[in-house]
Amino acid sequence: MTTSSNVVTQHTLTALNRWSVANRQLPAVDKVKTLHVYDFDNTLFNSPLPNPKVWNGPTIGLLQSQDVFASGGWWHDSRILAATGEGIEREEPRAWEGWWNERIVELIKLSMQQKDALCILLTGRSESNYSGLVKRMVASKGLQFDMICLKPAAGPRNQRFTNTMNFKQIFLESLMETYKEAEEIRVYEDRRQNGIGGAPTRGPITAEVVPVADEATLLDPVIEAAEVQRILNDHNAAINNGRKGDRLQIKKTVFYTGYLINNTDTQKLLTLAQLPPNMPDTEMKFLANNVLITPRPAPDSILDKVGGMGNKTTWEVTGTAVFENKIWAARVRPVPENTKYYTENPVPIIVLALRKGARPIDAGKIQNWQPVPPEKAFVFESIVGEKVLLRIEEEDLQEGEYESLFPNKSHKRKHAQEEGSSGRPTSGPFSNTQQGHSNRGGGHQQNYGNSRGNRGSHRGNGPRGRGNNRGNGNGKGRGRGGYGYRSLDDVGEKGGNGPPAYNAAVAYEDFPPLQKLYQTPQQLIQQQFEQYHQHQQQYAQTKGGIGENQGNGNGELQYS
């Protein structure tokens, strides 16, 4: 009898309502016949994910891990969610238009109108950091839930949670035990493996998990880099104050240096690739975005030969070729023909397209070029620049500027040894020829063309605008791509399984042109942050209530 009495006492409306931050009185038990539970991230709201065109694969894993950064990282620092779209000051008045799954919104409104339904928002975001922000977001959309439940540090009966899935199952069990007369429960989730769990002391209930297809969305790259830098600033300050761990910093990885081609000319050049009929797009990678200089960061000795970063060169297409039915390429010459240039290929080449598994570097083996007709002898302009991804690594005060461009430690040692300098070298195993180059001198060949990865981009027609562009990497990418998408349901407590899996093979055409003139990572991020801060100054009247983890807000980036 004592055990039965304890169970009854535990599962009261008062006890159940302690899970909620909605401050609403719950309906009587006998009034509720159906339970409707809605997940938040990528079910109701298209929450932004780390951008695979900004960060390398390992860094995407780090950002989504809970135990790397002092603030908890991507899913635990409210500044990331608050930066969605054009930021909370702009988005709240227009209810984050374009960022909701409108089909789920309509289902929630039907749940609100159904007299015998209990409508619940359930998310693994932490109650301490996100309750204010999530409440403001759903209120702006006109959604009223009977319960809004975020993951607390401990449950009403001091329950501890190993991960988000465990939290949700414990809550759902309490929900079903309390509303014993409910005949069905529906849980809308983007993560199919989130089971409902069991309620051992109640009668039978029809249970269904309704999988919701997510739409991957991204922040504006400038804003994303600035917000991550803020996370690192707070993390490094915590390390300075005695927190265990390593100081971290943003570095850049340069995948190649080349004569970069703009998008308009790229589309025109792609018409030169005569692909076999019925070739599926999934078998191909379309490039046509640069004339390769070197598949690595260019030392000063090479930059001198190409006129330095930002130098413009005009080219004309002279021929096309196919290598082993795997590589489609165009040969070009400078205009005028005596213009000084440099390439580590035998002749200046544009790789137009690759079949899966082909290596762009093999285009240098092409011997037989077919001349193009006059109407295909396209003339276009290029600009010397680098293609980069950013990465987060342990701060290394002994690391030179040039070394920092290589994420692999053995590569760093090799290049530092080759160049004999910790900065950008002025000499090395490079040819001194001004036109063409066939002697590779044993130089490192960076892998700069593999699988495409996630093609999503930030929403927008302006610097941080929204929009519905969906194609060619300019709109919302669908699906989770190959970068180990990780929701809160995959993130355990500290000491869990570590960062998620990732696919580090990224096609170089997807690397962001975040910089085309050489800058250190600190200069790069500082420039991005300054743009962000100028934008924020236009909306200086903050409203507060976004969560407890807000940073210092002093408008400065710190690197010490």
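Details of the structure are given in the entry above.
Residues numbered from 1 in each chain as written. Predicted model: local features only at pLDDT ≥ 70, side-chain atom pairs only at ≥ 80, totals over all residues. Heavy atoms only, no water.

Asks: Can you walk me through the packing of aromatic side chains in this structure?
Replies: Note on aromatic pairs: each is described by the distance of the centres and the angle between the planes. Per the stated rule, a full pass over the model turns up ten aromatic pairs. Ring centres 5.6 Å apart and planes at 75° place the aromatic pair Trp 19 and Phe 171 in the edge-to-face group. Taken as a pair, Trp 19 in the loop between helix H2 (13-17) and strand S1 (34-39) and Phe 171 in helix H8 (residues 164-178) lie far apart in primary sequence, 152 residues in all. Ring geometry for Tyr 38 against Tyr 188: centres 4.7 Å apart, planes inclined by 5°, an arrangement best described as stacked. Taken together, the residues span a long stretch of sequence, with Tyr 38 in strand S1 and Tyr 188 in strand S4 (residues 184-189) at a distance of 150 residues. The pair Tyr 38 / Tyr 188 is uniform in exposure class, with both members buried. Members of the aromatic cluster, connected to one another through ring pairs, are Trp 19, Phe 161, Phe 167 and Phe 171. When the ring centre of Tyr 130 is taken as reference, the NZ or CZ atom of Arg 125 above it lies at 4.8 Å. (Phe/Tyr/Trp six-rings, centres within 6.5 Å; stacked < 30°, edge-to-face > 60°. Helix = DSSP H or I, 4+ residues; strand = E, 2+ residues; numbered from the N terminus. Buried < 20%, exposed > 50% of the residue type's maximum accessible area, 1.4 Å probe, protein only. Lys NZ or Arg CZ within 6 Å of the ring centre and 35° of its normal.)

Asks: Got a minute to help me understand the pairing of strand S8 (residues 290-294) in this structure?
Replies: Working note: regular strand, side chains alternate between the two faces of the sheet. Among the five residues that make up S8, five are buried, leaving the element largely enclosed by the rest of the structure. Bridge count for strand S6 (residues 248-261) against S8 is four bridges, and the pairing is antiparallel. Considered in S8, the bridge of Tyr 259 is made with Val 291. (Pairing = 2+ DSSP bridges.)

Asks: I'm lost on the environment of Val 105 in this one. Help?
Replies: For Val 105, the position within the fold is in helix H6 (residues 102-113). When the C-alpha atoms of Val 105 and Thr 43 are compared, they prove to be 9.7 Å apart, with 62 residues separating the residues in sequence. Not counting residues within four places of it along the chain, the set of residues in contact with Val 105 comprises Leu 44, Trp 100, Lys 141 and Leu 143. (Contact = heavy atoms within 4.5 Å.)

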